[in-house]
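Architecture and fold: a report
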Amino acid sequence: MANEDSNNVSVINTKTNKVIATVPVGKEPNGVAVTPNGTKVYVVNSGDNYNTPSTVSVIDTATNKVITNVTVGSHPVAIGKFIGGNTQKDEFSGSKSKVSLSKHKHRKHPNIIQ
């Protein structure tokens, strides 16, 4: 769950529907995607178009920690299907960014429905 005003995401256990962790990410998170095997979560951080760049935070679900931040085009607002690489068009700028997941190792995680 992206918490835009708090600049973090809430991790929810899908069996209990309870928040089990809060993970700090970039400025103004608003889009979230989970890899099909549940090992990584990608969070779109819109930034503020002035001082904070737009990024995608990659969270390892085994540790609930950000493992990297990827700078992307101006003010993205959502993530579509991009496993193996996908071009996602930014709503405001019209620019495109491509994120590749080929470097990431995959593990199953008990808090994600498989």
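Residues numbered from 1 in each chain as written. Predicted model: local features only at pLDDT ≥ 70, side-chain atom pairs only at ≥ 80, totals over all residues. Heavy atoms only, no water.

1. As for the sheet that holds strand β1 (residues 2-3)
Reading across from one edge, β1-β2-β3 is the order of the three strands in this open sheet, with antiparallel pairing throughout. Edge positions in the sheet fall to β1 and β3 (18-24), since each of these pairs with one other strand and no more. Summarising the sheet, β1 and strand β2 (residues 8-13) pair through two bridges and their orientation is antiparallel. When the bridges of β2 are listed, asparagine 3 appears paired with asparagine 8. (Pairing = 2+ DSSP bridges. Helix = DSSP H or I, 4+ residues; strand = E, 2+ residues; numbered from the N terminus.)

2. Section: unusual backbone geometry
Even without a glycine there, the phi angle at asparagine 7 is positive, about 60 degrees. One can find asparagine 7 in the loop between β1 and β2. Taking relative accessible area as the criterion, asparagine 7 reaches 26% and is therefore assigned partly exposed. Positioned with a positive phi, glutamate 28 is a non-glycine residue whose angle comes to about 60 degrees. Locating glutamate 28 in the fold gives a position in the loop between β3 and β4 (29-34). Overall, glutamate 28 belongs to the partly exposed group, its relative accessible area being 24%. (Buried < 20%, exposed > 50% of the residue type's maximum accessible area, 1.4 Å probe, protein only.)

3. Re the environment of valine 23
Summarising the element assignment, valine 23 is placed in strand β3. Looking at valine 23, the relative accessible area reads 2%, which means it is buried. Those residues in contact with valine 23 that lie beyond four places of it in its chain are Asn8, Val9, Val11, Ile59, Asn64 and Val66. (Contact = heavy atoms within 4.5 Å.)

4. Some thoughts on the environment of proline 29
Here proline 29 is to be found in strand β4. When its relative accessible area of 1% is taken as the criterion, proline 29 is described as buried. Leaving out residues up to four positions away in the same chain, proline 29 has contacts with Ala2, Asn3, Glu4, Asn7, Asn8, Val43, Val44 and Asn45.

5. Examining the side chain of threonine 35
Among the secondary structure elements, threonine 35 is positioned in the loop between β4 and β5 (40-45). In this structure threonine 35 comes out as buried when scored by relative accessible area, which is 3%. There is a polar contact of 2.9 Å between the side chain of threonine 35 and the side chain of asparagine 37. (Polar contact = N/O pair within 3.5 Å; in protein donor to acceptor, adjacent residues only side chain to side chain.)

6. Brief notes about the confidence of the model for the chain
The share of residues in the chain with pLDDT of 70 or more is 69%, and the mean pLDDT across the chain is 77. No element of the chain has a lower mean pLDDT than strand β8 (residues 86-89), at 44, and none a higher one than β3, at 97. (pLDDT = per-residue confidence, 0-100.)

7. Description of the pairing of β5
Most of β5 is tucked away: six of the six residues are buried. By the bridge criterion, five bridges tie β4 to β5 in an arrangement that is antiparallel. Paired with alanine 33 across the strands is tyrosine 42, a residue of β5. The antiparallel hairpin formed by β4 and β5 contains five residues in its connecting segment, where glycine 38 sits at a positive phi of about 75 degrees. The pairing of β5 with strand β6 (residues 55-60) spans six bridges and is antiparallel. Its bridge partner being in β6, asparagine 45 is matched across the sheet by threonine 55.

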